[in-house]
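Below, each chain spelled out in residue letters.
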Amino acid sequence: MKTFFKGALLLIVASFLGECFDFMINMVLTRELGEEGIGHYMSIMPIMFFIIVLASFELPISISKYVAETEKPYHWPMLKYAFRLTLWISICFSLIVFLLFPALPPLKSYHPSVTVLFVLLVPMISFSSIARGYLMGTQQMGKIAFANGFRKLVQLILLILLFNLFEFSPEMSVIAGLSSFIASEAVIVLYLLTVYVYQAQELKKSTLASSKTALIRRSLFRVSVPTTILRIFHSMTHAIQPFLIKYALMAAGVSEVGATEQFGLLSGVAMTIGFFPAFIAHALLTILIPTVSEAFAKGNQELLKKLLQQSLGMTMLYGIPAIVIMFAFAEPLTSLFVNGTTATLFLKLLWPYFFTHFLIIPLQAYLIGLNLIKDALFHTVWAHFISFVVIFLLGSQPEWQMSGVIIGLNTGGLLQLLMHYMTICQKIGIGYWSLKEKRVH
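Residues numbered from 1 in each chain as written. Predicted model: local features only at pLDDT ≥ 70, side-chain atom pairs only at ≥ 80, totals over all residues. Heavy atoms only, no water.

This part covers the packing of aromatic side chains. Scanning all chains against the criterion turns up 15 aromatic pairs. Aromatic side chains F83 and F127 sit 5.7 Å apart centroid to centroid with 50° between the ring planes, which places their arrangement in the tilted category. Residue F83 is located in helix 3 (residues 75-100), and its partner F127 is located in helix 4 (residues 113-137); the two are separated by 44 residues in the primary sequence. With a centroid separation of 5.7 Å and an interplanar angle of 70°, the aromatic rings of F275 and Y353 are classed as edge-to-face. Residue F275 is found in the loop between helix 8 (256-274) and helix 9 (279-297), and its partner Y353 is found in helix 13 (residues 351-369); the two are separated by 78 residues along the sequence. A relative accessible area of 22% means that F275 is categorised as partly exposed. Between K348 and the ring centre of F327, over which it is positioned, the NZ or CZ distance is 5.6 Å. (Phe/Tyr/Trp six-rings, centres within 6.5 Å; stacked < 30°, edge-to-face > 60°. Helix = DSSP H or I, 4+ residues; strand = E, 2+ residues; numbered from the N terminus. Buried < 20%, exposed > 50% of the residue type's maximum accessible area, 1.4 Å probe, protein only. Lys NZ or Arg CZ within 6 Å of the ring centre and 35° of its normal.)

Written out as structure tokens, the structure reads:
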């Protein structure tokens, strides 16, 4: 538990700084791109994150889980196999992105250089995934924390320099914003790979003489494949969501420009503010995966229960005050980005969506650590299906519009939270409400 709290604290502090930078990044983007421009930028970012999921093949999670569950002599053979796997992933997905992505309807209206940026991103994400997974699995959270925070600082500096030194057309302003993201990622990839290569040289000295490639492949794929499917589905829904919301609003009588602007306020302003405290949830996710995996592999039920109690307690400790502050100071917070009351209303209505996701993120890490990845996928599919149905049915009604969309988002978040929590309680044998061990009569 001491290692858990130390790692969590490091990640929380670094993530807080990173979220501060991210907050400023979105402020700069909103002011420089305008309401329509930020709508286009936020519409294309889910596609960018979808590419990141494909390129990483969720190796950070599968490698960290493998490292946490096995002894040090078994690590180097796994890392060698992971490098060969990553090489093929990088080549295949670079070709897929280059050949297929320009043909996607949502990307046809953007500058051709968007595809070039996507292709550059693939190998960077692929090879840095090995380093991230190994550092996570060996509990080197200080290095992970530095990488996460420093990337956003670099992106913020690049954005400020670009928009102060150059004049961009509306179309090229979006490209400049995407370019700053890619460039900042490149800086962190160099740092992670440097740290990894240095440690890998030391790791070779303690490796086993032989290893079973089939066993390594099965161990990695058992985690990577379902987790990648989960992330692909999650990324696809986030890539579809902007267009579904805009289509629903247009069906309700809102103009295309108006729908784009409303989505920009929802995603670029309300969600930026609402998800600001989620840096703590993501810090818990990073530390929980290897910690829960190790405890589950050793059959340490007592530690599993304590980790769940502590994770939920920490989430309540920051989540409830965050929601209260967000609701009470919605107007001054949204005025940092744009003038007007629309974004303020969106922020207030979305509080259940934010709070449920503060809880969902660490619970999803728990499901991965307990080898319940398929359950996590099932929950995500159902929650998003219900959410999308409600978004379309209510959002397309002239009397509901964006209020109906927000009801759909809140519904999906609550449903996913309940399914995650109940499944974990059943797996580790505790009551839903008391968090105490169930008595067997």
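Our focus in this paragraph is a nonpolar patch on the surface. There is a patch of nonpolar side chains on the surface, built from L87, I91, L95, I96, F98, L99 and L100 and spanning about 670 Å² of accessible area. Tracing the backbone through its elements, the reader meets F98 in helix 3. (Patch = residues over 30% accessible without salt bridge, like charges linked within 9 Å, V, L, I, M, F, W, Y side chains within 5 Å. Areas by Shrake-Rupley, 256 points an atom, 1.4 Å probe, with all protein chains shown as cover. Salt bridge = Lys/Arg side-chain N within 4 Å of Asp/Glu carboxyl O.)

Turning next to the packing of helix 7 (residues 213-251) against helix 14 (residues 373-395). Axis angle and axis distance: for two packed helices, these are the angle between their axes and the distance between the axes, and together they describe the pair. Relative to each other, helix 7 and helix 14 sit at 5°, their axes nearing to 10 Å. With respect to their mutual orientation, helix 7 and helix 14 come out roughly parallel. Here the contact of helix 7 with helix 14 is composed, by residue class, of 18 nonpolar, 8 polar and 1 charged. (Axes fitted to C-alpha atoms, helices over the stretch in contact; angles between N-to-C directions. Parallel < 35°, antiparallel > 145°, perpendicular 65-115°, else oblique. Nonpolar A, V, L, I, M, F, W, Y, C, P; charged D, E, K, R; others polar.)

What follows is about helix 13. The first and last C-alpha atoms of helix 13 sit 28 Å apart over 19 residues, in line with the 27 Å expected at 1.5 Å per residue. Within helix 13, 17 of the 19 residues are buried, which leaves it mostly tucked inside the rest of the structure. Just downstream of helix 13, N371 is the residue with a positive phi angle, here 60°. (Expected span 1.5 Å × (residues − 1).)

Next up on the list: unusual backbone geometry. Here the phi dihedral of F57 falls at roughly 55°; this positive angle occurs in a residue that is not glycine. Turning to its location among the elements, F57 is positioned in the loop between helix 1 (2-56) and helix 2 (59-69). With a relative accessible area of 14%, F57 lands in the buried category. The backbone phi angle of Q401 is positive, close to 50°, even though this residue is not glycine. In this fold, Q401 is placed in the loop between helix 14 and helix 15 (402-428). Classification of Q401 as partly exposed rests on a relative accessible area of 24%.

Our focus in this paragraph is the pattern of salt bridges. Throughout the structure, instances matching the rule amount to 3 salt bridges. We note a salt bridge from E185 to R151, for which the minimum N-O separation is 3.8 Å. Of the two residues, E185 is situated in helix 6 (residues 170-203) and R151 in helix 5 (residues 141-165); the sequence distance between them amounts to 34 residues. E185 sits in the buried class, given a relative accessible area of 6%. Among the ionic pairs, E294 bridges to K298, the shortest N-O distance being 3.0 Å.

Here we come to the environment of I245. Mapped onto the fold, I245 is located in helix 7. Looking at I245, the relative accessible area reads 0%, which means it is buried. Spatially, the C-alpha atoms of I245 and A259 are 8.0 Å apart, while their sequence positions differ by 14 residues. In contact with I245, not counting residues within four places along its chain, are F263, L266, I391, M402 and V405. (Contact = heavy atoms within 4.5 Å.)

Here we come to the environment of H75. In this fold, H75 is placed in helix 3. Owing to a relative accessible area of 5%, H75 belongs among the buried residues under this scheme. In sequence terms H75 and L203 are 128 residues apart; their C-alpha atoms lie 7.8 Å from each other. A distance of 3.3 Å separates a polar side-chain atom of H75 from the backbone oxygen of V67. (Polar contact = N/O pair within 3.5 Å; in protein donor to acceptor, adjacent residues only side chain to side chain.)

In short, the description is geometric, and any link to function would need to be established separately.
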